[in-house]
Amino acid sequence: MSASVPSPVLLETRKLLKQFGEFRAVDHVDFRVQEGEVLALIGSNGAGKTTLVNLISGLLRADAGQIIFRGADVTAQTVHQRIAAGIARSFQLVNLFDQLSALDNVALAIFSRQGKTRKLFSLADADRPVWDEAMAVLHLFRMESKARLSAGGLAQGERKLLDVAIAYALKPRLLFLDEPTSGVSTREKAPIMDTISSVVRSERISAAIIEHDMDVVFSYADRIVAMHQGTILADGTPDEIRRNERVLTTLIGTPETRG
Ligand SMILES: Nc1ncnc2c1ncn2[C@@H]1O[C@H](COP(=O)(O)OP(=O)(O)OP(=O)(O)O)[C@@H](O)[C@H]1O
Ligand SMILES: [Mg+2]
């Protein structure tokens, strides 16, 4: 028997349900994230991954069930309350102000964290610490040299990373990343994931990363949760998931189709 003590539970959903009409996109899901872990959420298109993250981050209201974060029921809280509590997320389709610079985009997230909306248009000298912090965030994400470029002019990989940097600037304890390498070439995926992984691990942020690329998933995750048709199909370490028959046949393909 292992002597290791399980980490405390940071987030837990209990029988979480989201229906679109009669269709159950998230079907009574019990999902957990432990303190300090990097978790991968996998599953085929339409499995319910983004919907689950939308429910947890507050973009969607659950039809039933509960979301418990650090022991408190946040099910009825707004997005802003959940951000203040420590839940942030990046988007499958990035959520940037394309006209603004990379630095402005990060600074806006910091201002919003401080409850100062629209601050960018009425700047004062006292805001200097915000710009310094925004630059430090870009530095952490190895994007300092892109600070003055407009977000709209960045390459796809840089846009994905900037969207993650913005979520990080909200100072979360739990960060959801919805396909941080989607639309990026295979060659660019590893540097993006290396950067994200080094930030979350060095800052001790728990992360749940939705990802389709199995090489990425197996290399970076401590634990993998597989979803299928709105439910959790499997939950385990990368080694357990690699050998899990249900995952192999449902998500990765049968030995014949795996080539
Ligand atoms: N707003 C909505 N209205 C109706 N159906 C929706 C809505 N959002 C999602 N769905 C449906 O719910 C199911 C789950 O969608 P979701 O986006 O959560 O899947 P996903 O696992 O993130 O897939 P992908 O890997 O393609 O991003 C899909 O069948 C989708 O069409
Ligand atoms: Mg999705």
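The structure we're discussing is the one just above.
Residues numbered from 1 in each chain as written. Chains lettered and ligands numbered in written order. Predicted model: local features only at pLDDT ≥ 70, side-chain atom pairs only at ≥ 80, totals over all residues.

1. Digging into the sheet that holds strand 4 (residues 64-69)
Condition: Strands are treated as partners if at least two bridges between them are detected by DSSP. Helix numbering and strand numbering both begin at the N terminus, where a helix is a DSSP run of H or I of at least 4 residues and a strand a DSSP run of E of at least 2.
Taken in spatial order, the 4 strands of this open sheet run 2-1-4-5, and their pairing is antiparallel. The sheet terminates laterally at strand 2 (23-34) and strand 5 (72-73), the two strands that pair on one side only. Pairing geometry for strand 4 and strand 5, over 2 bridges, is antiparallel. By the bridge assignment, Ile68 is partnered in strand 5 with Asp73.

2. Remarks on the packing of helix 3 (residues 102-113) against helix 5 (residues 156-169)
Rules: Note on method: axes are straight lines fitted to C-alpha atoms, helices fitted across the in-contact stretch only, with angles between N-to-C directions ranging 0 to 180 degrees. Just so you know how the angles are binned, under 35 degrees is roughly parallel, over 145 roughly antiparallel, 65 to 115 roughly perpendicular, and the rest oblique. Left-handed describes a crossing whose near helix is turned anticlockwise from the far helix through less than a right angle; right-handed describes the clockwise counterpart. Once C-beta atoms have been placed from the backbone, residue pairs whose C-beta atoms lie within 7 Å are recorded as contacts. Each residue gets one of three labels, nonpolar for Ala, Val, Leu, Ile, Met, Phe, Trp, Tyr, Cys and Pro, charged for Asp, Glu, Lys and Arg, and polar for the others, Gly among them.
Two numbers describe how helix 3 lies on helix 5: the axes approach to 8 Å, and their chain directions differ by 25°. The angle between helix 3 and helix 5 places the two elements in the roughly parallel class. Helix 5 is crossed by helix 3, and the crossing has right-handed handedness. Residues Ala102, Asn105, Val106, Ala109, Ile110 and Arg113 of helix 3 form the contact with helix 5, whose own contacting residues are Leu162, Ala165, Ile166 and Ala169. Split into classes, the residues belonging to the contact of helix 3 with helix 5 amount to 8 nonpolar, 1 polar and 1 charged.

3. Some points on the environment of Val79
On the secondary structure map, Val79 appears in helix 2 (residues 79-85). Separated by 19 residues in the primary sequence, Val79 and Leu60 place their C-alpha atoms 9.2 Å from one another. Those residues in contact with Val79 that sit more than four places away from it in its chain are Ser57, Gly58 and Leu59.

4. Notes on the pairing of strand 3 (residues 38-42)
To be explicit about the condition: Here exposure depends only on C-beta density: within 10 Å of a residue's C-beta, 20 or more other C-beta atoms make it buried, 12 or fewer make it exposed, and intermediate numbers make it partly exposed, the C-beta atoms being placed from the backbone.
Counting buried residues along strand 3, 5 of its 5 residues qualify, which places the element largely inside the surrounding structure. The two faces of strand 3 match: Val38, Ala40 and Ile42 on one face and Leu39 and Leu41 on the other face are all buried. Direction of pairing for strand 3 relative to strand 8 (residues 206-210): parallel, over a ladder of 4 bridges. Bridge pairing in strand 8 places Ala40 opposite Ile209. By the bridge criterion, 4 bridges tie strand 3 to strand 9 (residues 223-228) in an arrangement that is parallel. When the bridges of strand 9 are listed, Ala40 appears paired with Ile224.

5. With respect to the nonpolar core
Applicable threshold: By our criterion, buried Ala, Val, Leu, Ile, Met, Phe, Trp, Tyr and Cys residues that link up through C-beta atoms within 7 Å make up a nonpolar core.
Formed by 72 residues in total, the largest nonpolar core has its most connected members in Leu39, Leu41, Val106, Leu138, Ala165, Leu175 and Ala226. Apart from residues no more than four positions distant in its own chain, Val106 is found in contact with Ala134, Val137, Leu138, Ala165, Ile166 and Ala169.

6. Focus: the sheet that holds strand 3
Each strand in a sheet pairs with its neighbour through backbone hydrogen bonds, running either in the same direction (parallel) or in the opposite one (antiparallel). Pairing within the open sheet is mixed, and its 6 strands lie in the order 6-7-8-3-9-10. Edge positions in the sheet fall to strand 6 (87-89) and strand 10 (231-236), since each has one partner strand and no second. Neighbouring strand axes in the sheet, compared pairwise and without regard to direction, differ in orientation by 20° on average. Sheet topology places strand 9 next to strand 10; 5 bridges connect them, and they run antiparallel. Bridge pairing in strand 10 links His228 to Thr231.

7. A short note on the site of ligand 1
Put simply, the test is: In this analysis, residues qualify as near a molecule or strand once their C-beta atom, positioned from backbone atoms, comes within 6 Å of it.
Every residue near ligand 1 is listed here: Phe20, Ala25, Gly43, Asn45, Gly46, Ala47, Gly48, Lys49, Thr50, Thr51 and Gln92. A total of 3 residues in the shell around ligand 1 trace back to one element, the largest contributor, which is helix 1 (residues 49-57). Along the lines of polarity and charge, the residues of the shell around ligand 1 split into 3 nonpolar, 7 polar and 1 charged.

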